[in-house]
Amino acid sequence: MRAGGNASGPSRSLEPMAPYLLKRVISLVLSLLAASVVIFVVLQVVPGDPASYMLGMNAQPETVEALRQQMGLNDPIVWRYLSWVAGLTHGDFGVSYTYKVPTGELIAQRLWVSLPLALYALFLSTIIALPIGIISAAKRNSAADYGIMGVTQLGIAVPNFWFAMLLVLLFSITLRWFSAGGFPGWNAGFFVAMKALTLPAIALALPQASILARVMRSSLLDTLSEDYIRTARAKGLSRGQTLVRHAVRNAMIPVLTILGLQFSFLLAGAIIIENVFYLPGLGRLVFQGITQRDLIVVQSVVMLLVFAVILVTFLVDIAYAMVDPRLRGRA
Amino acid sequence: MSFGALPDEKRGLVGVAFQSKSFALGFVLTGIFVLAGLISFVWTPYDATALAVADKLKSPSSLHWFGTDHFGRDIFSMIMVGARTSIAVAFVAVGIGIAAGVPLGLWAAARQASIVDEIIMRANDLVFAFPALLIAILITAVFGPSAINAIIAIGVFNIPVFARLARGAALTLWTREYILAARVAGKGAFRISGEHILPNIMNLLIVQGTIQFSLGILADAALSYVGLGAQPPTPSWGRMLADAQTMISLAPHMALFPGAAIVLTVLGLNLMGDGLRDLFDPKLRRSRS
């Protein structure tokens, strides 16, 4: 039968860091293994033989068979899984069926677009959302607060790819400030490349910034009602000083969690935005992989993104536990 | 979290809900699109799939209220039919999430800290690690793009959301005296979960349901935009935007109306969710994150 209290009772609350870390690392490895099994198994079910797809409709059965042999498709499934995972551990993702180059190289190349895009969007989202959220909370129930809440409510409801199209309509077609898509590559110069990523980053940042501003606001409102805020005011700190020194600092904890989660969502969200702007990132790679039955590529990209999510969650948890020992019991 | 009764029980849920301005506004917004979707079964101004190339790319006018697309299809009619696709996909996906997630969450809570709890929660974490879009991409990579697969993809993502919510809320309830009383009376965990826990977490489930509904509309739009949702000729808001993108400099109206339809529906659902949450739990009256 069920235990009475919550698992994180006072007796378990102050666990030392090392066992907690060990537990979390084990669960990290287990999650990654489970994710890799799921991804691998799911993609085994895909109809269509990559070998005959590569060789075309008119290929001789013997040729297809030879290619299957060469690609390792005839090996037992467990063996194929193990060799895939073994490869992953030292960065070998296998060879792309269609591009005939190591998938790792393809991904690395595309990551140079998707990763800066996600970071750029994260940066924009943060520098916009935090001040807005703080103003909104500090001036609660003012016109500014209502305005900000209204705009962020709208921001959450806007699909980012549609917002992207509106940006193109305004800034590329009407004003001609930015090009409507494409990526010149980093060799064209840092600022040229960043300019090409600007509209996509804004589009990607909008919904995230709206969410973040709301989290910042509600977290700050929570903190502002705490006793130590009253104490700080009582000991003579001004409203502004209290806000900066005590409230915002403490309100940052939930904000940082959301920030961590958002990074992975930005990376995945970039998949859609890249399509709007014809950016040669991971997203385009995945969709090409799907249409061309290049399973190795799909499998690797999905694994990489899931890895990113799991790793970020892990790091956020660890950071929490370091700051707040009470959380260590909840491994 | 409060699981208290509604502020005013005489008026009933509906009467009280409309006291909230955001709920009322959200209800009207969402209602318009639900209604449009329902009406589209019996009537649309034009056949939403009929091609009329002579009328292509017409701007909005009294004949075609929202203009026509690059095949001369009436955009107003397409938005009406698209409403039912989007709403149906998101609605069924929420249904999947609740039907699978809530029992799992209740089960995990009833067997807290047991192996069952551990397995259920770890499986949830695993699904959570896949961004919804990736699940969709994987599923469509395997089974091919269609509205059904979009529903499954979004629904799968909803399962851990409801499982976690139900478990968390149920755990708090399990420590209550009336549950203890029920246990003393000899009721088993299964009956207690169904008869005492479930009715008391209904409020939370309804609020979360509205939120997931709105996320489902957005996810469906994104999926059909990249071609992984409902397939042509079935009109869908996302696909209309994908078509609009190629025509954006010639016919911006093609992009404006379907996008606005998505925004208003999602906004309406979010406002309803906010309103309901404030009602159910006045202590939590703060912005939604």
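Keep in mind that this is a model prediction, so the values were computed, not measured.

Draft legend 1. A look at the pattern of salt bridges. Residues and elements named next belong to chain B. In total, this model carries ten salt bridges over all chains according to the counting rule given. Where Glu195 meets Lys187, a salt bridge forms, and the shortest distance between an N and an O atom there is 2.8 Å. Residue classification places Lys187 among the partly exposed positions, given a relative accessible area of 22%. Of the charged contacts in the structure, one is a salt bridge between Asp274 and Arg277, with a shortest N-O distance of 3.4 Å. One end of the pair, Asp274, and the other, Arg277, are both in helix α10 (residues 253–280), three residues apart, so they sit about a helical turn from each other. Accessibility expressed as a relative area gives 17% for Arg277, which makes it buried.

Draft legend 2. Broad picture of a nonpolar patch on the surface. Judged by side-chain polarity, Val34, Leu35, Leu38, Ile39, Phe41, Val42, Trp43 and Trp65 of chain B come together as a nonpolar surface patch covering roughly 860 Å² of accessible area. Summarising the element assignment, Val42 of chain B is placed in helix α2 (residues 21–42).

Draft legend 3. Inspection of the interface of chain A and chain B at higher detail. Taken residue by residue, the interface counts 53 residues in chain A and 46 residues in chain B. For the pairing of chain A and chain B, the buried interface totals around 4,300 Å² over both sides, and the portion due to carbon and sulfur atoms is 75%. Where chain A meets chain B, there are zero salt bridges. The interface formed by chain A and chain B holds three residue pairs in polar contact (both at pLDDT 80 or more) in total. Those elements giving two or more residues to the side of chain A that touches chain B turn out to be α1 (17–44), α6 (143–157), α7 (160–174), α8 (190–224), α10 (239–277), α11 (282–291) and α12 (295–323) of chain A. A per-element tally of the side of chain A that touches chain B places α1 of chain A first, with seven residues. Of the residues in the side of chain A that touches chain B, the class split is 40 nonpolar, seven polar and six charged.

Draft legend 4. Just the confidence of the model for chain A, in detail. Residue and element names in this part refer to chain A. When pLDDT is averaged across chain A, the result is 82; 91% of the residues are at 70 or more. Summarising per-element confidence for chain A, the mean pLDDT is lowest in helix α2 (residues 50–55) (69) and highest in α6 (91). Taken together, the stretch residues 1–13 has pLDDT below 50 and engages in 20 contacts with residues farther than four places along the chain or on a different chain.

Draft legend 5. Representation of the packing of aromatic side chains in the model. Tallied over the entire structure, the rule returns 14 aromatic pairs over all chains. Seen in terms of ring centroids, Phe161 of chain A and Tyr225 of chain B are 4.4 Å apart; in terms of plane orientation they differ by 20°. Their pairing is stacked. On the criterion of chain membership, the pair formed by Phe161 of chain A in helix α7 and Tyr225 of chain B in helix α8 (residues 189–225) is interchain, its members lying in two chains. Both residues of the pair, Phe161 of chain A and Tyr225 of chain B, belong to the buried class. Within the aromatic cluster, the residues linked to one another by ring pairs are Phe183, Trp186, Phe190 and Phe191 of chain A. Over the ring of Phe178 of chain A we find Lys195 of chain A; its NZ or CZ atom is 5.6 Å from the centre of that ring. The ring of Phe41 of chain B is capped by Arg84 of chain B, whose NZ or CZ atom sits 4.3 Å from the centre of that ring.

Draft legend 6. Representation of empty space enclosed by the protein in the model. Residue and element names in this part refer to chain B. This structure, assessed with the given rule, holds two cavities of 30 Å³ or more. Roughly 50 Å³ of volume is contained in the largest cavity. Asp69, Arg73, Ile75, Met78, Met240, Asp243, Met254 and Pro258 together form the lining of the largest cavity. Taken together, the elements giving at least two residues each to the lining of the largest cavity come down to α3 (75–110), α9 (237–246) and α10.

Draft legend 7. Molecular detail of the packing of α7 of chain A against α9 of chain B. One way to put it is that α7 of chain A packs onto α9 of chain B with a least axis distance of 11 Å and a crossing angle of 20°. What the angle tells us is that α7 of chain A and α9 of chain B run roughly parallel. For the pair α7 of chain A and α9 of chain B, the sense of crossing is left-handed. The segment α7 of chain A lies against α9 of chain B, with Phe161, Trp162 and Met165 of chain A engaging Leu241, Ala244 and Gln245 of chain B. The class makeup of the residues in the contact of α7 of chain A with α9 of chain B is five nonpolar, one polar and no charged.

Draft legend 8. View of unusual backbone geometry. With an omega dihedral of 10°, the bond running from Pro232 of chain B to Pro233 of chain B counts as a cis peptide bond. Tracing the backbone through its elements, the reader meets Pro233 of chain B in the loop between α8 and α9. Of note in the backbone geometry, Asn141 of chain A takes a positive phi value of approximately 65° without being a glycine. Along the chain, the position of Asn141 of chain A falls in the loop between α5 (103–138) and α6. Judged by relative accessible area, which is 48%, Asn141 of chain A ranks as partly exposed. In this structure, Tyr278 of chain A is a non-glycine residue whose phi angle is positive, near 50°. With respect to the element layout, Tyr278 of chain A can be found in the loop between α10 and α11.

The rules behind each value
Residues numbered from 1 in each chain as written. Chains lettered and ligands numbered in written order. Predicted model: local features only at pLDDT ≥ 70, side-chain atom pairs only at ≥ 80, totals over all residues. Heavy atoms only, no water. Salt bridge = Lys/Arg side-chain N within 4 Å of Asp/Glu carboxyl O. Buried < 20%, exposed > 50% of the residue type's maximum accessible area, 1.4 Å probe, protein only. Helix = DSSP H or I, 4+ residues; strand = E, 2+ residues; numbered from the N terminus. Patch = residues over 30% accessible without salt bridge, like charges linked within 9 Å, V, L, I, M, F, W, Y side chains within 5 Å. Areas by Shrake-Rupley, 256 points an atom, 1.4 Å probe, with all protein chains shown as cover. Contact = heavy atoms within 4.5 Å. Buried area = accessible area lost by both parts, 1.4 Å probe. Polar contact = N/O pair within 3.5 Å; in protein donor to acceptor, adjacent residues only side chain to side chain. Nonpolar A, V, L, I, M, F, W, Y, C, P; charged D, E, K, R; others polar. pLDDT = per-residue confidence, 0-100. Phe/Tyr/Trp six-rings, centres within 6.5 Å; stacked < 30°, edge-to-face > 60°. Lys NZ or Arg CZ within 6 Å of the ring centre and 35° of its normal. 1 Å grid on protein atoms, 1.4 Å probe; cavity = no way out; pocket = protein on both sides within 12 Å on 5 of 7 lines; lining within 4 Å. Points joined across faces, edges and corners; volume = space filled by probe spheres on them. Axes fitted to C-alpha atoms, helices over the stretch in contact; angles between N-to-C directions. Parallel < 35°, antiparallel > 145°, perpendicular 65-115°, else oblique. Left-handed = near helix turned anticlockwise from the far one by under 90°.

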